[in-house]
Amino acid sequence: MVEELLTAGIAAAAGVAVYLGAAARVVKQYERGVVLRFGRLREGVRPPGFTMILPVADRLHKVNLQIVTLPIPAQEGITRDNVTVRVDAVVYFKVVDPASAIIAVEDYRFAVSQMAQTSLRSIIGKSDLDDLLSNREKLNQGLELMIDSPAMGWGVQIDRVEIKDVSLPETMKRSMARQAEADRERRARVINADAELQASHKLAEAAEVMSEQPAALQLRLLQTVIAVAAEKNSTLVLPFPVELLRFLERATPSGDPQPHPAPAPPAAPPPDLPAQDPLPELDTPHPPALPPEP
């Protein structure tokens, strides 16, 4: 009798252990449990920790509530200004309603991925190339709204969407490089012209000061000679401005003019020579006249 009771007790304990093993479930902290009993949704979501279900009647589906990072494959499209680009992005989302994520959609990850690809192609066609390259924050917000609208019905919340890379054709890259180079050259010319204008104003002010103080020009010339001589050159070319000569001329003190020497007396005329008889005129025979030509 005792042996039968002991055997029955062991069998009952084994049955309870098997039942507990089949009915016991553990839900992790970042998960929630959704129970379907005979295919019908049970009210309430199982919290984290130890929970029990009916081994045959219930099915427990665990839903992860962590933020999921879903990369969007590169999508090729034509922008509004007719430029072919390839754009890839990444979506960050999480489940906020575990029951809807299980009941409303078959596979919420796949559904979010397909919706993100479709929305990305749509946003490419509505945007210009400059917006894709420089105004990504606005595009990210628009893409997030486009994906989040249908995802809310699936119990999924889009946390954020980021455009990672925009691939351009090689011809477009060369055109943009030439445009950037031309813009840089234009800015450099404007800066050089502005510098020349400022330098001309400063030189005009310096010339005005030197005109009021002529000694400043000589001091500046001496400074230039010192700067050139510091290079240890064997040949020194020294410009000598005319203004310096004028300054030296004005700096010379004005005095009485030096007396000019008295003019020398005129030389005495030569003594009178005896008058000479004029030469006799010689009779020179004239040549005979030639007869006129017939």
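See the structure printed just above.
Trainee: Can you help me understand the packing of helix α3 (residues 108-126) against helix α5 (residues 136-151) in this one?
Mentor: Packed helices, taken two at a time, are described by their axes: the angle between them and the distance between them. As a packed pair, α3 and α5 sit with axes 9 Å apart at the nearest point and diverge in direction by 140 degrees. In this view, α3 runs oblique relative to α5, as classed from their interaxial angle. Here α3 runs over α5; the crossing is right-handed. Of the residues in α5, those in contact with M115, A116, S119, L120, S122 and I123 of α3 are L139, L143, M146, I147 and P150. Class assignment of the residues belonging to the contact of α3 with α5 gives a composition of nine nonpolar, two polar and no charged.

Trainee: What am I meant to see in the sheet that holds strand β7 (residues 84-95) here?
Mentor: As a general point, the strands of a sheet are linked pairwise by backbone hydrogen bonds and lie either parallel or antiparallel. Spatially, β6-β7-β8 is the arrangement adopted by the three strands of the open sheet, whose pairing is antiparallel. Edge positions in the sheet fall to β6 (68-78) and β8 (156-167), since each of these pairs with one other strand and no more. Strand-to-strand, the axes of this sheet are offset by a mean angle of 25 degrees, without reference to chain direction. Inspection of the sheet shows β7 paired to β8 by 10 bridges, in the antiparallel sense. Within β8, the residue paired with V90 across the bridge is E162. Of the strands in this sheet, β6, β7 and β8 are in contact with α3, which crosses β6 at around 35 degrees. Sheet strands in contact with α5 are β7 and β8, and its direction is about 140 degrees off that of β8.

Reading the values: the criteria
Residues numbered from 1 in each chain as written. Predicted model: local features only at pLDDT ≥ 70, side-chain atom pairs only at ≥ 80, totals over all residues. Heavy atoms only, no water. Axes fitted to C-alpha atoms, helices over the stretch in contact; angles between N-to-C directions. Helix = DSSP H or I, 4+ residues; strand = E, 2+ residues; numbered from the N terminus. Parallel < 35°, antiparallel > 145°, perpendicular 65-115°, else oblique. Left-handed = near helix turned anticlockwise from the far one by under 90°. Contact = heavy atoms within 4.5 Å. Nonpolar A, V, L, I, M, F, W, Y, C, P; charged D, E, K, R; others polar. Pairing = 2+ DSSP bridges.

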